[in-house]
Amino acid sequence: MKLGIVGLPNVGKSTLFNSLTKAGADVANYPFCTIDPNVGIVPVPDERIRLLGDMYHSKKVTPAVIEFVDIAGLVKGASKGEGLGNQFLANIRETDAIVHVVRCFEDENVTHVDGTVDPLRDIETINMELIFADLEVLERRISKVARTARMDKEAAKELALLNRVKDLLENGKPASALEVEDEEEEKLLRGFSLLTAKPVIYACNVSEDDLADDGASNAGVAKVREYAAENGSEVFVICAKIEAEISELDEEDKKVFLEDLGLSESGLDKLVKASYSTLGLMSFLTAGEDETRAWTIKIGTKAPQAAGKIHTDFERGFIKAEVVNYEVLLREGSLAAAREKGLVGMQGKDYVVKDGDVILFRFNV
């Protein structure tokens, strides 16, 4: 999973990126501090694999990972060369989703690029810059495809789709609002790598005081939640400053720190949940002496395709999947004990993998 982080300058974007990835991007109270795209790989917090790893005394415990790409803050007019962010938009075209960091806190010591804090105005500014960036891409593509569209049915179909998307964007709507007619159109649309076609997750950056009630008393957060609900997007509340402090702690101290703040989970935990929900993802697990590992797949994936995540030979030569829920396996203490009680299922090619399944694949190539 690859997520691109966007936002105006000074909204806490790079502070959040640093705390998530500990990658050390420059952070300062002035616009355009991040002048190169920063990339960080973050393990997905998952207690299930830690517990299974302990049970199996695994030599290696491998979590699923998220790749974050952070670019320079975007400003109004970025598409016309204002600021630096537009130079780096290409770096997030290959991401699966966009995390839009929105400032929902007042602080006279942290300047706002537009002078005042207004979450919906900020969202609109970013949306328009993403639309303008996509229009540039579309216009180049239309110019190229139009040359062959008269003689080529496939090119003609693509040109028609490109023009429909262009009309949407010119009316201030994202490419995600397009109603595709069939799978072929959906595939074509994905191939354009449009920024506005990607799902968006809003990260409301609040002060420490607003964190305990999850931003319930923050008017800006309420507006973002309402906007996100209308647009089918996920929202989570963070305090980038607190995340920066959490990132310096080990697991035990982190738990104590969160409890002292009256919190049950960190911003990273919230982001992971929002990302998995937005992208329709889940994890199945494999466990043993050599390695215990989490594997990320789409919800609804069948056993052979899940096996293919591990190795293509597993999918090609799939015979059966031996499946047990991780809670059952932990409770029984071993796969053999779970088998004896009839708690392990032998599943075939039509089995739809569930979140938290521990699977032993049987295959023959």
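Preceding block: the structure.
Chemist: So, the packing of aromatic side chains: which residues are in play, and what are the values?
Modeler: Applying the stated rule across the entire model yields five aromatic pairs. Ring geometry for Y202 versus Y227: centroids 6.0 Å apart, planes at 85°, classification edge-to-face. Pair noted here: Y202 is in strand β6 (residues 200–205) and Y227 is in helix α6 (residues 219–230), with a separation of 25 residues, a long-range link. Each member of the pair, Y202 together with Y227, is buried. Centroid distance F284 to W295: 6.4 Å. Interplanar angle 15°. Geometry classified as stacked. Here the residue F284 occupies a position in strand β8 (residues 281–286), and W295 occupies one in strand β9 (residues 291–298), the gap between them amounting to eleven residues. Among the aromatic residues, those joined into a ring-pair cluster are F284, W295, F318 and F361. Across the ring face of Y326, the terminal group of R48 is positioned such that the distance to the ring centre comes to 5.6 Å.

Chemist: Tell me what's going on with the packing of helix α4 (residues 153–170) against helix α5 (residues 183–191), and back it up with residues and numbers.
Modeler: Here α4 crosses α5 at 70°, and the two axes come no closer than 11 Å. Classified by the angle their axes make, α4 and α5 are roughly perpendicular. The two elements α4 and α5 meet at a crossing, and its hand is right-handed. Here α4 contributes E154, K157, E158, L161, R164 and V165 to the contact with α5, which in turn contributes E184, E185, L188 and L189.

Chemist: Account for helix α1 (residues 13–21), with residues named and values stated.
Modeler: Because an α-helix completes one turn every 3.6 residues, residues spaced three or four positions apart along the sequence face the same direction. Most of α1 sits out of view: eight of its nine residues are buried. Those residues of α1 lying buried are K13, S14, L16, F17, N18, S19, L20 and T21. Remark: K22 follows α1 within two positions and exhibits a positive phi of approximately 50°.

Chemist: Just give me the short version of α6, but keep the residues and values in it.
Modeler: Relative to the 16 Å expected for twelve residues at 1.5 Å per residue, α6 spans 17 Å between its end C-alpha atoms, a close match to the ideal helical length. Those residues of α6 not exposed but buried are G220, V221, V224, Y227 and A228. The arc that holds every buried residue of α6, seen down its axis, measures 125°, which confines them to one face. Set apart from the buried face of α6 by more than 90 degrees, the exposed residues are A219, E226, A229 and E230. Looking at the buried residues of α6, the elements they touch are β5 (97–103), α3 (119–149), β6 and β7 (234–238). Two to three positions downstream of the cap, the backbone nitrogen of G220 sits 2.8 Å from a side-chain oxygen, assigning the N-cap of α6 to N218. Within two residues after α6, G232 carries a phi angle of roughly 65°, on the positive side.

Criteria and thresholds
Residues numbered from 1 in each chain as written. Predicted model: local features only at pLDDT ≥ 70, side-chain atom pairs only at ≥ 80, totals over all residues. Heavy atoms only, no water. Phe/Tyr/Trp six-rings, centres within 6.5 Å; stacked < 30°, edge-to-face > 60°. Helix = DSSP H or I, 4+ residues; strand = E, 2+ residues; numbered from the N terminus. Buried < 20%, exposed > 50% of the residue type's maximum accessible area, 1.4 Å probe, protein only. Lys NZ or Arg CZ within 6 Å of the ring centre and 35° of its normal. Axes fitted to C-alpha atoms, helices over the stretch in contact; angles between N-to-C directions. Parallel < 35°, antiparallel > 145°, perpendicular 65-115°, else oblique. Left-handed = near helix turned anticlockwise from the far one by under 90°. Contact = heavy atoms within 4.5 Å. Expected span 1.5 Å × (residues − 1). Arc of directions from axis to C-beta. Polar contact = N/O pair within 3.5 Å; in protein donor to acceptor, adjacent residues only side chain to side chain.

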